[in-house]
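Coordinate inspection notes
Residues per chain, in single letters:
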Amino acid sequence: MADPARKRPASWESDGAAAKKPKDAQQSTSSGSLNPAELDRLRREVAARAAMLKAAASRTPSAVPTPAPVPQPDPRPPPSRFRLEETRLKVQQALQNVQMSSTGATPRPFLSERPRGAGLKIDLPPELLNTPSSSTGFRRYNTPLLPPSAFATVKANMRVPEKPVRKETKPEKPGKPGGGAQGEKAKNPYLEPALIQAVGKTREARPLKFVQPGKYVQIAKQVRAQEMLEMLKKQIEATVKKTGMDVELDLVSDHALRIERPPDAEWWDTQLLETGSYEDVTTRKLVLEGDDCIITNLIQHPIPVQPPAEPGQPPPKPVMLTEKERKKLRRQRRAEALKEKQEKIRLGLLPPEQPKVKISNLMRVLGAEAVQDPTKIEQQVRAQIAQRLASHKRHNESMKLTDEQKKQKKRNKLMEDTSKVVQVAVFRVKNLSHPLHRNKIDFNAQQNFLTGVAILHEGLNLVVVEGGPKAIRRYKKLMLRRINWSDATAADNDEVGEGPSSKDCVQVWEGEVQRRFFDNFRFKKCDSDTSAKQFLEKFGAPHYWEAARNYSDVV
């Protein structure tokens, strides 16, 4: 094992190791196990180090003698720490220099270029210098740690060179003296005209040009019309080529819009004209008789043409279900709704429902909570029951119809669709003198949304009503069964009568028409048959009066 006293000191300890060691330690070391040759070598090294320190002290500006160093442990870090610190400082200084050079400021010198002895007036270790040390003889740190960079090492710090803006100007007129390339060549005979670049003037600001509304719409319409015209032209050209005619079509010029001269006679009239001209009509030269004439005593029936679409089948009538079937359908419908609601709760679309707690299932639903504080749980359950009852009443109130909605519902129930077919009933009444009978006829017609007229005539009273099938059926019951026409004095008790006579009110006709003839129901008093017919002719229904007048069963 090597003797630690003969071990060569480290390079970073060579500067102040001898100065920090006390003399008695050196004497004890020299008087130890070292031989005289080793002692002489150590003395020479110590003398060399002392000379180097003196030379460094002479370079400092201060002439104040430094006190003798107090022996203490060396606080300097190892050389690797020096290298990392010096590298970091140099990189930071290089980046600052690049930024300062871009702004125009004077860059700061690197650490190796700064004057020695500044700051704490302590020289850098020889390992961190760019020049080799003459005392230690080590060549490991002779090369600079980070050479100075003349350009930006980070792409973000690189300056993008600005492109020169070329200003273009209008070239001068050749007739102008001294203008253009000839004038420049006259001034400078050595100038090449091809190398002269035209320098333009600055671009002037253009005023705003607003687009009028509908401009591009008109342009689009013109383009579409042009495209349609081209497409039609191509189609016509293709058709012409198929027929073997190779003619260039002109669909735009005025010659292409020529209108042919009408013929002298239409083809359906040529067989009736001798010369084939309409002048035969004025000269009476017509072919109206003979074997060659197309006019005969026969009737030509037109061929029936089927409609483009047959009317669809009437919708099937709903099947009347029994009570058991209705309950089954309701049960299935409610099960599907409950399943859909559970799916939404499972997906998080709806909040989960609270358990429906009642007094009867209190212990079964809550369990241990009801045992701990039964009074409190009972109050909560009763509050939930009251809340459910209140929500039920609110729902019923919201679903209840208002007075206007009730009237509309009843009106919709009585009204029927008469857009396709209208049912008509015609009655002949012997006597309509009692006001109660007239009131019932009018009031029931309005209630059932029937239109028509009641003509009052001595010996013949006509009642015509138009509407839906159900309304006509109800009105027939009124006219033929409910009203007692036999006794006008007992009209107040018409509902209890034995029934009308077969000759007091009869139904003349019942059928279907395409549209309504009347707008509302009204009463009209007519003194004669002529006035009654004239009144019905206004509505296009005089035939109703004729049918009632010619009814044979009426006495």
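Please read these numbers as outputs of a predicted model, since none were measured by experiment.

How each quantity is defined
- Residues numbered from 1 in each chain as written.
- Predicted model: local features only at pLDDT ≥ 70, side-chain atom pairs only at ≥ 80, totals over all residues.
- Heavy atoms only, no water.
- Salt bridge = Lys/Arg side-chain N within 4 Å of Asp/Glu carboxyl O.
- Helix = DSSP H or I, 4+ residues; strand = E, 2+ residues; numbered from the N terminus.
- Buried < 20%, exposed > 50% of the residue type's maximum accessible area, 1.4 Å probe, protein only.
- Contact = heavy atoms within 4.5 Å.
- Expected span 1.5 Å × (residues − 1).
- Arc of directions from axis to C-beta.

With respect to the pattern of salt bridges
Overall, the coordinates contain 13 salt bridges when judged by the stated rule. In this structure, glutamate 378 and arginine 382 form a salt bridge, with 3.1 Å as the shortest nitrogen-oxygen distance. Of this pair, glutamate 378 and arginine 382 both sit in helix α11 (residues 374–399), four residues apart, roughly one helical turn. Taking relative accessible area as the criterion, glutamate 378 reaches 32% and is therefore assigned partly exposed. Measuring nitrogen to oxygen at the nearest pair gives 3.3 Å for the salt bridge that ties arginine 549 to aspartate 529. Here the residue arginine 549 occupies a position in helix α16 (residues 543–549), and aspartate 529 occupies one in helix α15 (residues 529–537), the gap between them amounting to 20 residues. In this structure arginine 549 comes out as partly exposed when scored by relative accessible area, which is 39%.

Side note on the environment of valine 381
Relative to the helices and strands, valine 381 resides in helix α11. For valine 381, a relative accessible area of 3% translates into the label buried. A sequence separation of 22 residues divides valine 381 from isoleucine 359, and the C-alpha atoms of the two residues are 7.0 Å apart. Residues in contact with valine 381, not counting those within four places in the same chain, are Val357, Lys358, Ile359, Leu362 and Leu366.

Regarding helix α13 (residues 435–447)
For α13, built from 13 residues, the straight-helix expectation of 18 Å at 1.5 Å per residue is met to within 8% by its first-to-last C-alpha distance of 18 Å. Among all positions in α13, only His437, Lys440, Ile441, Asn444 and Ala445 are buried. For α13, the angular spread of the buried residues around the axis is 120°, confining them to a single face. On the buried face of α13, the contacting elements are β3 (461–467), α14 (469–482) and β5 (521–525). A positive backbone phi angle near 55° is found at phenylalanine 449, which sits one or two residues after α13.

Purely spatial values, then, with no claim about function.
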